[in-house]
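Residue-level structure breakdown
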Amino acid sequence: MSALQMPTNQDLDPEALRAAFGVFPSGVVAVAAAVDGAPVGLAASSFTSVSLDPPLVQFSIANTSRTWPDLRRSERLGVTILAEAHGAVCRQLAGPVDRRFAGIPTTTTPLGAVTLDEGLARFHCSIYREVEAGDHTIVLLLLHAVEADDTAQPLVFHRSAFGSIAI
């Protein structure tokens, strides 16, 4: 029996790497907060649970993000798991900063966490730790509250497109 030989190459092609990463489907979340009285947010497809004790979740953000430096100033962050019908909302959250929340129903907590009212689950969090990781930063969030409406399927990001899961 021969072992599978994979070529070693320290100069991995970014496009080939992106395509390989893209075969793994992921859910999509909105990360948002009130900053200077206005909602600030972004969409992330790198969200995952981390720990039950303490209750932690994480997402990754590109070091080139112009939104994260403002967003991280809030005492609390809201994380909303997007539903399969939120493809347009996700694109809007990735669009022009001044239009990201136009027409999207949200709730803001007294400490500044912003969540989307129609999300599958909503988390109120604070930053627990930030870890430098290449061209991204891994943001660990400590959970303070959670609400879940398990009434729809999640929005799935797969091969650079939005989709849903079949059950």
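Everything in this summary refers to the structure shown in the same document. (Residues numbered from 1 in each chain as written. Predicted model: local features only at pLDDT ≥ 70, side-chain atom pairs only at ≥ 80, totals over all residues. Heavy atoms only, no water.)

**Description of the sheet that holds strand β5 (residues 55-62)**
Hydrogen bonds between backbone atoms are what pair the strands of a sheet, whose relative direction is either parallel or antiparallel. Operational definition: In this scheme, strands are said to pair when DSSP sees at least two bridges between them. Under the scheme used here, helices are H or I runs from DSSP no shorter than 4 residues and strands are E runs no shorter than 2 residues, and both carry numbers assigned from the N terminus. Comment: axis = line fitted to C-alpha atoms, over the contacting stretch for helices; angle = value between 0 and 180 degrees taken between N-to-C directions.
Read from one edge to the other, the open sheet built from seven strands follows the order β3-β2-β6-β9-β10-β5-β4, with strand pairing classed as antiparallel. Two strands lie at the open edges of the sheet, namely β3 (38-44) and β4 (48-52), each paired on one side alone. With direction set aside, neighbouring strand axes in the sheet form an average angle of 35°. Note that strand β2 (residues 29-35) and β3 share seven bridges and pair antiparallel.

**Describing the nonpolar core**
The condition is simple: As used here, the term nonpolar core means buried Ala, Val, Leu, Ile, Met, Phe, Trp, Tyr and Cys residues forming a set that is joined through side-chain atoms within 4.5 Å. Between buried and exposed lies partly exposed: a residue is buried under 20% and exposed over 50% of the maximum accessible area for its type, with that area taken using a 1.4 Å probe on protein chains only. Residues are treated as being in contact if the distance between any of their heavy atoms lies within 4.5 Å.
Residues V31, F59, L71 and L141 are the most contacted members of the largest nonpolar core, which totals 20 residues. Put simply, the parts of the chain that give this core at least two residues each are β2, β3, β5, α2 (68-71), β6 (77-81), β9 (121-133) and β10 (136-148). Broken down by element, this core gets its largest block of residues, four residues, from β2. Apart from the residues lying within four places of it in its own chain, the contact partners of L141 are P55, L56, V57, F59, L77, V79, C125, S126, I127 and Y128. With eleven residues, the next largest nonpolar core counts A32, C90, L93 and I104 among its residues.

**Some words on the packing of aromatic side chains**
Quick reminder of the rule: Each Phe, Tyr or Trp ring (for Trp, its six-membered ring) is paired with any other whose centre lies within 6.5 Å, and the angle between the two planes then decides the class: stacked below 30 degrees, edge-to-face above 60, tilted in between.
With the rule as written, the count across this model stands at two aromatic pairs. Between F47 and F123 the ring centres are 6.0 Å apart and the planes differ by 35°, which places this aromatic pair in the tilted class. Taken together, the positions of F47 in the loop between β3 and β4 and F123 in strand β9 put the pair 76 residues apart, joining distant regions of the chain. The class of F47 is partly exposed, set by a relative accessible area of 22%. Overall, F123 belongs to the buried group, its relative accessible area being 12%.

**Looking at the environment of V131**
Tracing the sequence through the fold places V131 in strand β9. Take V131: its relative accessible area is 35%, and that puts it in the partly exposed class. Apart from residues lying up to four places away in sequence, V131 is in contact with H136, T137 and I138.

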